[in-house]
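Each chain, letter by letter, is given below.
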Amino acid sequence: GLFGLSSTIQAADNMVVIHTKATQVYSAGQLLDRQTVVNLPVKAEITVVFASGNVKTITGPYEGKLSDASRTPAADPRLVTALADFVREQNFSSLVRGTPPAADNIWWVDISTNKRYYCVAPSNPVTLWRSDNQSQSASTLSIKHKATGETTQDVWPANQSTLRWPTDLPLVYGDTYTVELQTRQGGATFKKLIVYQLPENLPTDSHKVVWMVGRGCIPQANLLLASLH
């Protein structure tokens, strides 16, 4: 009834702090609403995401309420709460573990880690990536589609860190593949891989982050979140 509706309307007014250089005042993952008077000392800075997915960075000195200048995309209260959960979780786990070397492009599929879930951009060819220390020598790449047993092999030339997904094995998004890379020296890496493609209709990068988190593409979601300003 009415109670449920009013809480939804309020949540639509909410925003979430995703980055902060004012840790004594605000914390990443904190929810604010439109009635909150934001108070930032000199040189303090916060970045918030509104329920529309729009992003705003405020630098101190600043005192005032924050509102989303744009009325599009439509506000989705679930976006703010999902982002808040993710940011809090990541802050906690980043204290626990360091970050591995990342590809230059957020949408490349890193086959040198054991991470299983990767998200790729719509309508882009899928690019595989290996770290520099793995790309000094030529390697043999073997990919197998678990559901059909179809396999493909490709040579990954030396001193080349990226390779297109082989055309003779069409990629089925959401299916499991096994990927093996064998170097001429006898070293090998092996991983299970599931690739998801982002839908075209996600209106903002904030929406993309939440969608990717839902698919398990956590390192990439982190990188995209870090780029929001």
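Residues numbered from 1 in each chain as written. Predicted model: local features only at pLDDT ≥ 70, side-chain atom pairs only at ≥ 80, totals over all residues. Heavy atoms only, no water.

Undergrad: Would you mind going over the side chain of serine 139 with me for this structure?
TA: Within the element layout of this structure, serine 139 appears in strand E10 (residues 139–145). Within the structure, serine 139 has its side chain in polar contact with the side chain of arginine 130 (distance 3.1 Å). Discounting chain neighbours no more than four positions away, the residues touching serine 139 are Arg130, Gln134, Asp154, Val155, Trp156, Leu181, Gln182 and Thr183. (Helix = DSSP H or I, 4+ residues; strand = E, 2+ residues; numbered from the N terminus. Polar contact = N/O pair within 3.5 Å; in protein donor to acceptor, adjacent residues only side chain to side chain. Contact = heavy atoms within 4.5 Å.)

Undergrad: Explain unusual backbone geometry here, please?
TA: Glycine aside, negative phi is the norm for most residues, and most peptide bonds take the trans geometry. Here the residue pair glycine 60 and proline 61 is connected by a cis peptide bond, since its omega of 5 degrees sits within 30 degrees of zero. When you line up the elements, proline 61 lands in the loop between strand E5 (55–59) and strand E6 (62–64). Non-glycine residue lysine 43 carries a positive phi angle of around 70 degrees. If you trace the backbone, lysine 43 turns up in the loop between strand E3 (38–40) and strand E4 (45–50). Given the relative accessible area of 73%, lysine 43 is considered exposed. Of note, the phi angle at serine 123 is positive, near 60 degrees, even though the residue is not glycine. As for its position among the elements, serine 123 is in the loop between strand E8 (117–120) and strand E9 (127–129). (Buried < 20%, exposed > 50% of the residue type's maximum accessible area, 1.4 Å probe, protein only.)

Undergrad: Please explain the pattern of salt bridges as it appears in this structure.
TA: Working definition: two side chains of opposite charge can pair if their charged atoms are close together. Considering all chains together, one arrives at four salt bridges under this definition. Of the charged contacts, one joins lysine 21 and glutamate 45 as a salt bridge, the two residues approaching to 3.5 Å between their closest N and O atoms. Note that lysine 21 is positioned in the loop between strand E1 (15–20) and strand E2 (31–32) and glutamate 45 in strand E4, a separation of 24 residues in sequence. Arginine 78 is paired through a salt bridge with aspartate 76; the nearest N and O atoms lie 3.1 Å apart. (Salt bridge = Lys/Arg side-chain N within 4 Å of Asp/Glu carboxyl O.)

Undergrad: Looking at this structure, how should I read the sheet that holds strand E11 (residues 151–156)?
TA: Working definition: the strands of a sheet are paired by backbone hydrogen bonds and lie parallel or antiparallel to each other. An order of E8-E14-E13-E10-E11 is seen for the five strands of this open sheet, with the pairing classed as mixed. Looking along the sheet, the strands with just one partner apiece sit at the ends: E8 and E11. Across the sheet, the axes of successive neighbouring strands diverge by a mean angle of 30 degrees, strand direction being ignored. Pairing of strand E13 (residues 176–183) with strand E14 (residues 188–197), which is carried by seven bridges, proceeds in the antiparallel orientation. Within the sheet, the bridge partner assigned to tyrosine 177 lies in E14 and is leucine 193. (Pairing = 2+ DSSP bridges. Axes fitted to C-alpha atoms, helices over the stretch in contact; angles between N-to-C directions.)

What is shown is where atoms sit, not what they do.
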